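Report on the structure
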Amino acid sequence: MQEFYNETFLNAQKQLDHVAQLMNLDTGIHERLRYPRKALIVSVPIRLDNGQTRVYSGYRVQHDQSLGPTKGGIRFHHEVNLGEVAALAMWMTWKCALLNLPYGGAKGGVCCFPEEMSVAEMERLARRYTTEILSMIGPEKDIPAPDMYTNEQTMAWIMDTYSNFIGYAVPGVVTGKPVAVGGSLGRREATGRGVAHTVKMALEKLKLGTDVPTAAVQGFGNVGSITAKYLDLQGVKVVAVSDVQGGIYNPNGLDIPRLLSYVADRGTVIGFDELDSMENKDLLELDVDILVPAALANVITEHNAEKIKAKIVAEGANGPVTPEADEILQKKGVFIIPGILANAGGVVVSYFEWVQDIQHLFWSEDQVNEKLGYLMGRAFEEVYNISQAKKVDNRTAAMMLGVGRVASAKMLRGLYP
Ligand code: NAD
């Protein structure tokens, strides 16, 4: 199945192979889990505002359905390709199982330059992409959610397009929707809130001996900005943040509430308080206690891992640390909170949203946040306990739990026919 092979997919497979060996995983199950169950490549033609027609490549990949329907975000980005989407789908499988959610993993995306597109073009792209993958999605089959450069509005367009085909409103077909069309209170902030929660738990375990821990956050979109907001509220001094245009740094700590409203107005962190700008790669190497990569995959590699000074790396993004870098960071004693745990808050509250949509019964924000805190806390403790008991790193422990749960379901269900 070489169709999927690219760096990110091979990294995801390598991680699976590593834990499969440690767990003595049944070879048949291991082989089945190494590849997605289903993948669709579609052409997404849209009319641009200037009257021309352009065709984009779209993908939807479902990795595993042993535990329930598949679940995973949709990304609009110029680096989207089949291998990346397949890797992200595989990570979603482990993440859902780790959090004990009744889902398998999926992911989707369209290769495009969203920053260069108008809102009207984005809407046409989202609607046509939805139409092309319509046969794959549905509340009982596969439920998309937001990811890079997609948001609540994108989900509303997808929900509307799907509902028009079905003939009635189907809010449960996507999560991360606006509350007005069946979204859940607390969903918008859930991923960043969850990242900050796992950092807090890590700080409690590690006892770094610093009164005010410092942090740097790469990416200031949904995940990065909300993580920064909650780290700040937890008493962490956030000294650097960045987005696609670059970063800003203030050793005395950034005024995060003011920065959040600045970014809401200007769309970038650049220019805030006339601070010096800093390159994204330098931000990663800052002397801080906590580093949160919350943008792209493969940003910490064997080339810069040795230079990482943070004691805790909380993966807001999916796959920001390559396996080679992972080994280097482990040797340096860095406490990594793997993405399948750190950024799981989003899918947890997506699950709550789906449950509320199906039951037509909505919860208060306090109920959502309390249940989120409980599930994240439980998963963190489980991972930490396994890492201590088996003397393995957190990623391996998290994967052992996630892969183990999927493998048990697969074993019980057997191989059809
Ligand atoms: P987003 O589109 O809201 O924000 C992305 C941010 O990354 C923006 O600030 C953008 O400027 C920045 N960025 C883009 N390219 C960059 C680069 N080359 N260097 C530095 N910054 C760059 O996306 P998001 O939803 O916050 O997702 C970020 C990451 O978190 C992705 O890896 C995604 O898969 C992961 N994630 C998201 C969710 C979610 O609920 N949204 C859940 C789990 C994981």
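Residues numbered from 1 in each chain as written. Predicted model: local features only at pLDDT ≥ 70, side-chain atom pairs only at ≥ 80, totals over all residues. Heavy atoms only, no water.

This paragraph deals with the pattern of salt bridges. Summed over all chains, the structure comprises 23 salt bridges. A salt bridge links aspartate 147 to arginine 75; its shortest N-O distance comes to 2.6 Å. Of the two residues, aspartate 147 is situated in the loop between β5 (142-146) and α5 (152-166) and arginine 75 in strand β3 (residues 70-77); the sequence distance between them amounts to 72 residues. Residue aspartate 147 is classed as buried on the basis of its relative accessible area of 18%. Residue classification places arginine 75 among the buried residues on the basis of a relative accessible area of 6%. The closest approach of N and O atoms between glutamate 123 and arginine 127, which form a salt bridge, is 2.9 Å. Of the two residues, glutamate 123 and arginine 127 both sit in helix α4 (residues 119-132), four residues apart, roughly one turn of that helix. Through salt bridges that share partners, Arg75, Glu84, Lys107 and Asp147 make up one connected network. (Salt bridge = Lys/Arg side-chain N within 4 Å of Asp/Glu carboxyl O. Helix = DSSP H or I, 4+ residues; strand = E, 2+ residues; numbered from the N terminus. Buried < 20%, exposed > 50% of the residue type's maximum accessible area, 1.4 Å probe, protein only.)

Our focus in this paragraph is the packing of helix α3 (residues 82-98) against helix α14 (residues 394-413). Running from N to C, α3 and α14 point in directions that differ by 90°, and their axes come no closer than 8 Å. When the axis of α3 is compared with that of α14, the two are roughly perpendicular. Side by side, α3 and α14 meet where Thr93, Trp94, Ala97 and Leu98 of the first sit next to Ala398, Met399, Leu401, Gly402, Val403, Arg405 and Val406 of the second. (Axes fitted to C-alpha atoms, helices over the stretch in contact; angles between N-to-C directions. Parallel < 35°, antiparallel > 145°, perpendicular 65-115°, else oblique. Contact = heavy atoms within 4.5 Å.)

Before going further, it helps to spend a moment on the domain arrangement of the protein chain. Under the domain assignment used here, the protein chain contains domain 1 (2-10 + 24-172) and domain 2 (190-337). Contacts between the two partners involve eleven residues from domain 1, matched on the other side by seven residues from domain 2. For the domain 1 face of the interface with domain 2, the top three residues by lost area are Glu7, Trp91 and Met148, together amounting to 41%. Linking domain 1 with domain 2 are zero salt bridges, by the criterion used here. Scanning the region where domain 1 abuts domain 2 turns up two residue pairs in polar contact (both at pLDDT 80 or more). Listed by contribution, the elements that provide at least two residues to the side of domain 1 that touches domain 2 are α1 (7-23) and α3. With three residues, the single largest contributor to the side of domain 1 that touches domain 2 is α3. A per-class count over the side of domain 1 that touches domain 2 returns four nonpolar, two polar and five charged. (Domains from an automatic or database assignment. Buried area = accessible area lost by both parts, 1.4 Å probe. Polar contact = N/O pair within 3.5 Å; in protein donor to acceptor, adjacent residues only side chain to side chain. Nonpolar A, V, L, I, M, F, W, Y, C, P; charged D, E, K, R; others polar.)

For the rest of this paragraph, the subject is the environment of methionine 399. Along the chain, methionine 399 turns up in helix α14. For methionine 399, a relative accessible area of 2% translates into the label buried. Linking methionine 399 and valine 174, residues 225 residues apart in sequence, is a C-alpha distance of 26 Å.

We now examine the pairing of strand β6 (residues 214-218). Here β6 lies mainly inside the structure; five of its five residues are buried. Burial along β6 is two-sided: the residues Thr214, Ala216 and Gln218 and Ala215 and Val217 are all buried. As defined by bridge partners, β6 adjoins strand β7 (residues 237-243) across five bridges and the pair is classed as parallel. Counted as the bridge partner of valine 217 is valine 241 from β7. (Pairing = 2+ DSSP bridges.)

Put simply, helix α6 (residues 187-206) and helix α13 (residues 365-390) touch, their axes get as near as 10 Å, and they point 45° apart. On the basis of their axis angle, the class for α6 and α13 is oblique. Considering the relative orientation of α6 and α13, their crossing is right-handed. Across the interface between the two elements, Ala190, Arg193, Gly194, His197, Thr198, Met201, Ala202 and Lys205 of α6 pack against Asn369, Leu372, Gly373, Met376, Gly377, Phe380, Glu381 and Tyr384 of α13. Residue composition of the contact of α6 with α13, grouped by class: seven nonpolar, six polar and three charged. (Left-handed = near helix turned anticlockwise from the far one by under 90°.)

Not every one of the 21 residues close to the ligand is listed here, only the nearest: Asp147, Tyr149, Thr191, Ala295 and Asn318. Contacts to the ligand include glycine 316, whose backbone N or O atom sits 3.4 Å from an oxygen atom. Coverage of the ligand by the protein chains reaches 87% of its 820 Å² of free accessible surface. Elements represented by at least two residues in the shell around the ligand include exactly α6 and α7 (222-233). When its residues are assigned to classes, the shell around the ligand shows nine nonpolar, eight polar and four charged. In this structure, the shell around the ligand is formed jointly by two domains, domain 1 (2-10 + 24-172) and domain 2 (190-337), each of which donates at least three residues. (Near = heavy atom within 4 Å. Areas by Shrake-Rupley, 256 points an atom, 1.4 Å probe, with all protein chains shown as cover.)

Cis geometry is adopted by the peptide bond preceding proline 417, which originates at tyrosine 416 and carries an omega value of 0°. Within the secondary structure layout, proline 417 lies in the segment after α14. A positive phi angle, near 55°, is found at asparagine 298, a position not held by glycine. Take asparagine 298: it is sitting in the loop between β10 (290-293) and β11 (312-314).

With that settled, consider a nonpolar patch on the surface. On the surface, a cluster of nonpolar side chains totalling about 340 Å² of accessible area is made up of Phe165, Ile166 and Tyr168. Of note, tyrosine 168 is situated in the loop between α5 and α6. (Patch = residues over 30% accessible without salt bridge, like charges linked within 9 Å, V, L, I, M, F, W, Y side chains within 5 Å.)

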